[in-house]
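What follows is each chain in one-letter form.
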Amino acid sequence: MTNPKDFLIEVKDLKTHFFTDDGIVRAVDGVSFNIERGKILCVVGESGCGKSITARSILQIVDYPGRVVEGQILFHKQSSQGNGASQATETIDLAALNPRGTEIRAIRGKDIAMIFQEPMTSLSPIHTIGDQITEAILLHMPLTKEEARERAIEMLRQVGIPKPVDRIDTYTFQLSGGMRQRTMIAMALSCNPSMLIADEPTTALDVTTQAQILDLMLGLKQEYGMSIMLITHDLGVVAEMADDVVVMYLGTVAEKGTVDQIFHDPKHPYTQALLRSIPKLGLRASGQRLNSIRGMVPDPYNRPGGCPYHTRCDAFMPGLCDRIMPPPIQLEDNREVRCLLYGGTDAIPTDASATVKVK
Ligand SMILES: Nc1ncnc2c1ncn2[C@@H]1O[C@H](COP(=O)(O)OP(=O)(O)O)[C@@H](O)[C@H]1O
Ligand SMILES: [Mg+2]
């Protein structure tokens with residue numbers, strides 16, 4: 001299979017739905033994006049737009065009653081051969097793997113690791129942090145117990161935990177929030193993954209610790225060429241961290257591009273509204289109101305027809321946006337937007353009541 005650019009992951013038309021008693025929640029509904037080797041991709045959007053479920057789909061850890069129903073997640077796995085001089089690439093469709101099978105379990109934690117907002121979702125309160133990291137290492141690496149413990153100490157040192165030799169035998173309740181976050185990152189990195197998925201990793205931290213954790217992630221990218229998929233609702237974090245950006249709204253990608261394209265020339269009215277919602281320094285003092293996006297994210301069981309954003313959009317075109325789901329429109333410089341302002345209106349339905357979905 002061809003891998004045109006140096007993509008580590010290609011997500012193609014991914015759909016992950018929840019089959020609940022009250023109906024189907026289309027949490028992820030036709031999402032496509034790529035993650036380049038050694039780059040940071042930020043996924044941004046308001047709460048409930050499908051960021052976490054997209055990430056969980058990559059690792060096949062979507063909770064029941066949800067499942068990946070369509071699409072591909074191509075993982076271009078590189079393995080060094082011989083003395084590391086040559087690299088062989090194997091392509092695995094993660095979406096096609098059995099969520100409980102051995103193949104995906106070998107990839108989880110080894111090739112692709114994930115960290116969460118709340119470290120205690122990955123750490124146990126009843127084991128020392130050393131035992132937990134060592135166990136993760138032994139699961140995926142051919143090392144002895146002693147070697148694994150040495151590696152665990154080294155990982156704690158790398159994520160900036162002072163005196164790791166003493167700290168390794170402590171329990172999570174003995175650590176501050178920032179230190180727990182670092183421990184979780186140490187565990188995630190312990191098997192040298194080619195990608196780290198970080199789902200709102202700093203949301204619960206104070207600003208100083210947040211800055212340190214973000215710096216740590218930038219270092220991982222620079223020093224080890226790690227790819228990072230960073231999920232956040234904080235555009236300040238995106239501006240600081242991202243190479244590429246995916247803007248999500250109601251389970252779809254509204255717009256994607258490089259960080260410069262998104263910040264300096266946002267095309268989608270939703271991206272423009274998100275950028276206007278960033279608080280500006282000194283605004284409160286001058287008594288001005290903060291901008292927030294008008295209206296609410298619609299109920300996931302009752303998604304509007306046409307463009308999912310039309311109910312809140314300043315550029316709403318009646319008869320078009322409420323009837324046509326905008327196709328992905330390729331703009332110059334490799335960027336993409338799903339909005340009828342930029343094309344796609346030729347698919348106007350002849351039956352006025354119909355909503356057409358353009359692929
Ligand atoms: N277990 C579940 N059952 C039903 N719906 C769910 C479940 N988990 C998530 N969802 C729905 O999937 C959508 C996307 O959720 P999520 O990916 O967590 O959003 P985000 O991370 O962007 O805040 C939401 O509408 C949410 O209600
Ligand atoms: Mg989330």
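For the structure itself, look to the data block above.
This section reports on the structure supplied with the text. Just so you know, these numbers come straight off a predicted model, no measurement behind them.

Take the overall build of the protein chain next. Each helix and strand counted, the protein chain has ten helices and 14 strands in total. Classification of the 359 residues of the protein chain by burial places 40% in the buried group. Long-range pairs, those at least 24 residues apart, make up 61% of the contacts in the protein chain with a sequence separation of at least 6.

So, about the sheet that holds strand β7 (residues 195-199). Two pairing modes exist for strands in a sheet, parallel and antiparallel, and in both the strands are linked by backbone hydrogen bonds. Taken in spatial order, the eight strands line up as β6-β7-β8-β3-β9-β10-β13-β12 in an open sheet, and their pairing is mixed. Edge positions in the open sheet fall to β6 (112-115) and β12 (329-331), since each of these has one partner strand only. With direction set aside, neighbouring strand axes in the sheet form an average angle of 20 degrees. Both strand β3 (residues 40-44) and strand β8 (residues 227-232) contribute to a ladder of five bridges, which runs parallel. By the bridge assignment, V44 is partnered in β8 with T232. Relative to the sheet, helix α6 (residues 177-189) contacts β6 and β7, its axis offset from that of β6 by approximately 170 degrees.

Looking now at the site of ligand 1. In the vicinity of ligand 1, 15 residues are found, and the nearest of them are A27, K51, S52, I53 and P300. Looking at which element gives the most residues to the shell around ligand 1, the answer is helix α1 (residues 51-58), with three residues. Residue composition of the shell around ligand 1, grouped by class: six nonpolar, seven polar and two charged.

Turning next to the pairing of strand β2 (residues 23-36). For strand β1 (residues 7-20) and β2, the ladder comprises ten bridges, and the chain directions are antiparallel. Residue pairing in the sheet places F19 in a bridge with I24 of β2. What sits between the antiparallel neighbours β1 and β2 is a turn of two residues.

Once that is clear, we can look at the pairing of β3. Counting buried residues along β3, five of its five residues qualify, which places the element largely inside the surrounding structure. Neither face of β3 is left uncovered, since the one carrying I40, C42 and V44 and the one carrying L41 and V43 both have all their residues buried. Two elements, β3 and strand β9 (residues 244-249), share four bridges in a ladder whose sense is parallel. Note on β9: the bridge partner recorded for V43 is V246.

With that out of the way, let us pick up the packing of helix α3 (residues 129-140) against helix α4 (residues 145-158). As a packed pair, α3 and α4 sit with axes 9 Å apart at the nearest point and diverge in direction by 115 degrees. In this structure, α3 crosses over α4, and the sense of that crossing is right-handed. Two secondary-structure elements touch here, α3 through G130, I133, T134, I137 and L138 and α4 through K145, A148, R149, R151, A152 and M155. In terms of residue class, the contact of α3 with α4 is made up of six nonpolar, two polar and three charged.

Residues three or four positions apart in an α-helix share a direction because the helix packs 3.6 residues into each turn. The first and last C-alpha atoms of α3 sit 17 Å apart over twelve residues, in line with the 16 Å expected at 1.5 Å per residue. Buried-residue contacts for α3 involve α4 and α6.

The next point concerns the packing of α6 against helix α7 (residues 207-224). Closest axis-to-axis distance for the α6/α7 pair is 10 Å, and the angle between their directions is 15 degrees. Of the possible angle classes, the one that applies to α6 and α7 is roughly parallel. Classified by chirality, the crossing of α7 by α6 is right-handed. Here G177, G178, Q181 and I185 of α6 come into contact with α7, specifically with T209, Q212, I213 and L216. In terms of residue class, the contact of α6 with α7 is made up of three nonpolar, five polar and no charged.

To continue, consider the environment of R26. Here R26 lies in strand β2. According to the C-beta neighbour criterion, R26 is buried, with 20 such atoms within 10 Å. As for R26 and T252, which are separated by 226 residues in sequence, their C-alpha atoms are 9.6 Å apart. The contacts of R26, once residues within four sequence positions are left out, are H17, G251 and R303.

Procedures and definitions
Residues numbered from 1 in each chain as written. Chains lettered and ligands numbered in written order. Predicted model: local features only at pLDDT ≥ 70, side-chain atom pairs only at ≥ 80, totals over all residues. Helix = DSSP H or I, 4+ residues; strand = E, 2+ residues; numbered from the N terminus. Buried ≥ 20, exposed ≤ 12 C-beta atoms within 10 Å, placed from the backbone. Contact = placed C-beta atoms within 7 Å. Pairing = 2+ DSSP bridges. Axes fitted to C-alpha atoms, helices over the stretch in contact; angles between N-to-C directions. Near = placed C-beta within 6 Å. Nonpolar A, V, L, I, M, F, W, Y, C, P; charged D, E, K, R; others polar. Left-handed = near helix turned anticlockwise from the far one by under 90°. Expected span 1.5 Å × (residues − 1). Parallel < 35°, antiparallel > 145°, perpendicular 65-115°, else oblique.

No statement about biological role is implied by the geometric values presented.
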